[in-house]
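A look at the structure
Here is what each chain is made of, one letter per residue.
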Amino acid sequence: SQLTATKAGRHTVREKGAYLVLRELHRWEREPDVLAACEKLIQVLIGDEPGPGMENLLEVSVPEEVERQLQRLDQEEEERWQREREEQRQEPPR
């Protein structure tokens, strides 16, 4: 994600075809943490470029309320991945 923090970095990652690699990885990867990271990076790569003054995502100021909401969503996503991992462990082998 550090590579995609700046506009130049996002451009370079897109130009090198990273989206296609991530898309293929996402098709066969089974590790929930890797899938989550792929999904987040794909969203950055296919999303619209941030507006003026937000080119470097590491320097963007996030309001406290939005930060709390993002932390809550991250926690919910982590809990969902944990439930899915548990379900996978309990499934009989095919």
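Residues numbered from 1 in each chain as written. Predicted model: local features only at pLDDT ≥ 70, side-chain atom pairs only at ≥ 80, totals over all residues. Heavy atoms only, no water.

Looking up the protein in an unreviewed UniProt entry gives the name HGH1 protein, with the organism given as Chauna torquata.

With that settled, consider the nonpolar core. Val13, Ala18, Leu22, Cys38, Ile42 and Leu45 together form the largest nonpolar core, which totals 6 residues. Counting residues per element, the ones that place at least two in this core are helix H2 (18-28) and helix H3 (32-46). Per element, the largest residue contribution to this core is 3 residues, and it comes from H3. Beyond its immediate chain neighbours, meaning those up to four positions away, Val13 contacts Leu3, Thr4, Ala18 and Leu45. (Core = buried A, V, L, I, M, F, W, Y, C linked by side-chain atoms within 4.5 Å. Buried < 20%, exposed > 50% of the residue type's maximum accessible area, 1.4 Å probe, protein only. Helix = DSSP H or I, 4+ residues; strand = E, 2+ residues; numbered from the N terminus. Contact = heavy atoms within 4.5 Å.)

Time to look at the pattern of salt bridges. Applying the stated criterion across every chain, the model contains 4 salt bridges. Of the charged contacts in the structure, one is a salt bridge between Glu24 and Arg27, with a shortest N-O distance of 3.0 Å. Remark: Arg27 and Glu24 occur in helix H2; sequence separation between them is 3 residues, near one turn of the helix. Judged by its relative accessible area of 34%, Glu24 is partly exposed. On the basis of relative accessible area, Arg27 is assigned to the exposed category, the value being 54%. In this structure, Glu76 and Arg72 form a salt bridge, with 2.9 Å as the shortest nitrogen-oxygen distance. Of this pair, Glu76 and Arg72 are both found in helix H4 (residues 64-90), 4 residues apart, which corresponds to roughly one turn of the helix. (Salt bridge = Lys/Arg side-chain N within 4 Å of Asp/Glu carboxyl O.)

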